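Structural characterization, general
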Amino acid sequence: MPEKPKTNDELELRIDSLAFGGRGVARTDGFVIFVEGALPGDLVRARVTRSRRSYAEARTVAVLEASAARVEPRCRHFGICGGCSWQSLAYETQLEYKQSQVNECLSHIGGLSGFETEPPVGAEPLWRYRNKVEYSFAGEDGVVNLGFHLPGQWRRILDIEDCLLHSEATNRIRDRIREFARASGVAVFDQNSDRGFWRHLTLREAARTGEIMVNIVTAPGEFPGADELSRQLMGEFPRIASLLWSVNETRAAVATGFPFRVLAGRDHITEEVCGLKLAVTPSSFLQTNTAMAERLYEKALEFAEPGGDELVFDLYSGIGSIALVFARRCREVFGIEIVDEAARQAMENARANGLGNATFRQGKVRSALKQIVEPAGNAVPAVLPQIVILDPPRAGASKKEVQRILKLEARRLVYVSCNASTMAANAAQLRQGGYRLTRVAAIDMFPHTPHIETVARFERD
Ligand SMILES: C[S@@+](CC[C@H](N)C(=O)[O-])C[C@H]1O[C@@H](n2cnc3c(N)ncnc32)[C@H](O)[C@@H]1O
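Looking at the site of the ligand
- Near the ligand lie 18 residues; those nearest to it are Q287, Y297, E337, V365 and D391.
- A distance of 3.4 Å is found between an oxygen atom of the ligand and a side-chain nitrogen or oxygen belonging to S321.
- A distance of 3.0 Å separates a nitrogen atom of the ligand from a polar atom in the backbone of V365.
- Of the residues in the shell around the ligand, the class split is 9 nonpolar, 5 polar and 4 charged.

Following this line, the structure appears as structure tokens:
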């Protein structure tokens, strides 16, 4: 019986692959070890952080022999921040791994084969691609810091100087707000004592229109020098179209979903996606990489192949982005979205873009579809869609939701996913329900991270 590695053991490990989620995988004496900070081909010395019956987890202490796919990481915060753990891996290799992880999920979790896999769509640009960033304030030794949580240390914040996933302008705005908070003499909010003021800063930047939203989240209380800060920011950064102050009265360390006041400009910014104008408020869901969201939606349209006369359902429709792209190419589109504000915004977005053939309903997919496929009493079943698009959150669709989707009997389903493993589980259920997976495309929205977006096409047997 091989000896099990123990916590704090230091081992020399050859990494042979990457696991779903991005850690290196080594195998020793029948054990699988998931190694943080290690890439395939590396020989590393790693310290065991956790040991279970059949696997262990470890963190790289030193790279003894570097993999040929290693490149110099660009970010000054690399290795501490934990945000872009794959930036030391050559981009082509990142893409290969993302693609193979999608395929593995579909074949191992979904038990599927015989589908066509397209070459992965690489991101362009590779840096400064995000349109949204959420920073947290922390007070350490009397100094106000503003940055990201250190991995696994929820109370500690890494003070960020330059995040290469965001534009130079939004990095500079963050710096100004930190300077202001430091000079304010007001403390950062402390969850233990329930005292202090500064909590979060969310910045959104519309890639196509250039408009920026600044949302400063604080605890209740007087905002010291709010007018002065507004003047400074609006003067120095003319692209700020919306400067907001949100108040979080709860202890929960979350940055959105609170009542806000407009300090300057409007209550929203406008982004353009596939030529559609979309209003974005602090709590709107918008794909965080605008350029690649366009590629994703184009792929969804290509896979759906609408002829022009279809009724299309867009499930989990958010602010209606996918639905409106389809509305220009189909007879009618109907979206279902759980968040009331997002569903209302989707209706607004339809109106603003002159698309009278798109309607949205606030509700859960499960219950909204029940009313459609199993109407109460003697009601006549509603007209059913020929094409269904679904873009669920990371957890995927529930079994009940998939059952209801099957009852729609659409001839084609296009599944947009940010989590291939949950998509694969749903795909297995769709297969049992009479749908064949025919085409899959991986689209990279998040270079230098293990995340990958997937579009899959299912056709009814
Ligand atoms: C990944 S987003 C997709 C948004 C949209 N398709 C887009 O590309 O912008 C998932 C959306 O599903 C919504 N959602 C989550 N659970 C839901 C449910 N059970 N029923 C309906 N919508 C849900 C979320 O609020 C979110 O807007």
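Overview of the side chain of E118
- Inspection of the secondary structure puts E118 in the loop between β6 (116-117) and β7 (132-140).
- In terms of polar contacts, E118 uses its side chain to reach the side chain of R439, at 2.7 Å.
- Residues within four places of E118 in sequence aside, it is in contact with Q99, K299, E302, F303, R439, V440 and A441.

Focus: the nonpolar core
- Grouped together as the largest cluster of nonpolar side chains are 85 residues, with contacts concentrated most on V214, F223 and F326.
- The dominant element in this core, judged by the number of residues it contributes, is helix α4 (residues 290-304), at 8 residues.
- Two domains share this core, each providing at least three of its residues, namely domain 2 (96-124 + 289-460) and domain 3 (132-273).
- With near-sequence residues (within four places) excluded, V214 lies in contact with I173, I177, L201, T202, L203, I240, S242, L243 and L244.
- Listed in part, the 38 residues of the second largest apolar core include L106, A424, Y435 and A442.

Details of the sheet that holds strand β13 (residues 260-265)
- With mixed pairing, the 7 strands of this open sheet are ordered in space as β9-β8-β7-β10-β11-β12-β13. Two strands close off the open sheet at either side, each with one partner strand: β9 (153-159) and β13. On average, each strand axis in the sheet is tilted by 30° relative to the strand beside it, whichever way the strands run.
- Note that strand β12 (residues 240-247) and β13 share 5 bridges and pair antiparallel. Each residue of the ladder has a partner; that of L244, found in β13, is V262.
- Helix α2 (residues 168-184) contacts β7, β8 (143-150), β9, β10 (198-205), β11 (212-218) and β12 of the sheet and is inclined by roughly 160° relative to β10.

About the criteria used
Residues numbered from 1 in each chain as written. Predicted model: local features only at pLDDT ≥ 70, side-chain atom pairs only at ≥ 80, totals over all residues. Heavy atoms only, no water. Near = heavy atom within 4 Å. Polar contact = N/O pair within 3.5 Å; in protein donor to acceptor, adjacent residues only side chain to side chain. Nonpolar A, V, L, I, M, F, W, Y, C, P; charged D, E, K, R; others polar. Helix = DSSP H or I, 4+ residues; strand = E, 2+ residues; numbered from the N terminus. Contact = heavy atoms within 4.5 Å. Core = buried A, V, L, I, M, F, W, Y, C linked by side-chain atoms within 4.5 Å. Buried < 20%, exposed > 50% of the residue type's maximum accessible area, 1.4 Å probe, protein only. Domains from an automatic or database assignment. Pairing = 2+ DSSP bridges. Axes fitted to C-alpha atoms, helices over the stretch in contact; angles between N-to-C directions.

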